[in-house]
Amino acid sequence: VGQADNSIIENCTNKATIIGEDATSAGIAASSKNCTLNNCVNEGDVTGKKTSTAGITGTASTSSKVTNCINKGTITGNSNVTAGVVGALTSNSTIDNCANEGNVNGVQYVGGIVGNFSGGLSLTNSYNKGNVKGTNATARYVAGIAGYTYINGSGKGNIANCYNLGDITTEG
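Chemist: Explanation requested: the overall build of the protein chain in the structure shown.
Modeler: Helix and strand content of the protein chain: zero helices and 29 strands. The buried share of the protein chain, taken over its 172 residues, is 52%. Looking at the protein chain alone, contacts between residues at least 24 apart form 80% of all its contacts between residues at least 6 apart. Carbon and sulfur atoms make up 43% of the accessible area of the protein chain, which amounts to about 7,100 Å² in all. Of the side-chain charges in the protein chain, 10 are positive and 10 negative, and the distance between the mean point of each set is 5 Å.

Structure (structure tokens):
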């Protein structure tokens, strides 16, 4: 799915290699707004040449819910915001009971579960087993769970019951 608005995406599996030339790239939905993604699996490798690259959805915004999803593919972002499950999680969206088992490689805002986490969100009951790597000399915000978190006036942020088993490295 390229852009999903006000949709429910359930019980989907991607096994194909995805190479995104423009905007967001992901194994299941490149961008999701006010959507539910439930019980989805990405097994394909995903490479994004622009911002927001991830295994399940490149961006999840406007109260989107990502639940019971797993990424097993290698995720490579050649720009900002790269993650195993959701590239950018914004605007009261949630991730629950999700996992990343693939390696994640990106420039900055790189996370095993989410790359950029901002604006009244919840990330719970999730884990990362993949290695996470910042791929250039200026790599910043590289982490096993969430690469970058920022909670502004739009609400509270919650990260709970999450763990990382993957190695975290940068080239810088």
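And the narrative resumes.
Chemist: Looking at this structure, I do not really get the environment of leucine 121. What am I missing?
Modeler: By the element assignment, leucine 121 lies in the loop between strand 21 (114-118) and strand 22 (122-124). Under the relative-accessibility criterion, leucine 121 is labelled buried at 3%. Considered as a pair, leucine 121 and tyrosine 148 are 27 residues apart in the sequence and their alpha carbons are 13 Å apart.

Chemist: What am I meant to see in the sheet that holds strand 15 (residues 80-83) here?
Modeler: Pairing between the strands of a sheet is mediated by backbone hydrogen bonds and can be parallel or antiparallel. Ordered by their spatial adjacency, five strands build an open sheet running 5-10-15-20-25, and the pairing between neighbours is parallel. Since the sheet does not close on itself, it has two edges, and those belong to strand 5 (25-26) and strand 25 (140-143), each with one partner.

Chemist: Explain the packing of aromatic side chains to me, please; I cannot follow it from the model alone.
Modeler: Pairs of aromatic rings are described using the distance from one ring centre to the other and the angle between the two planes. According to the stated counting rule, one finds four aromatic pairs in the structure shown. Through successive ring pairs, a cluster of aromatic residues spans Tyr109, Tyr141 and Tyr148.

Chemist: Could you clarify how one ought to interpret unusual backbone geometry in this entry?
Modeler: Most of the time, phi is negative for any residue but glycine, and the peptide bond is trans. Positive phi values are uncommon outside glycine, yet alanine 23 reaches one of about 55°. By secondary structure assignment, the location of alanine 23 is in the loop between strand 4 (18-20) and strand 5. Residue classification places alanine 23 among the partly exposed residues on the basis of a relative accessible area of 40%. For tyrosine 109, which is not a glycine, the phi torsion comes out positive at approximately 55°. With respect to the element layout, tyrosine 109 can be found in strand 20 (residues 108-111).

The rules we used
Residues numbered from 1 in each chain as written. Predicted model: local features only at pLDDT ≥ 70, side-chain atom pairs only at ≥ 80, totals over all residues. Heavy atoms only, no water. Helix = DSSP H or I, 4+ residues; strand = E, 2+ residues; numbered from the N terminus. Buried < 20%, exposed > 50% of the residue type's maximum accessible area, 1.4 Å probe, protein only. Contact = heavy atoms within 4.5 Å. Areas by Shrake-Rupley, 256 points an atom, 1.4 Å probe, with all protein chains shown as cover. Lys, Arg positive; Asp, Glu negative; His and termini not counted. Charge placed at Lys NZ, Arg CZ, Asp CG, Glu CD. Pairing = 2+ DSSP bridges. Phe/Tyr/Trp six-rings, centres within 6.5 Å; stacked < 30°, edge-to-face > 60°.

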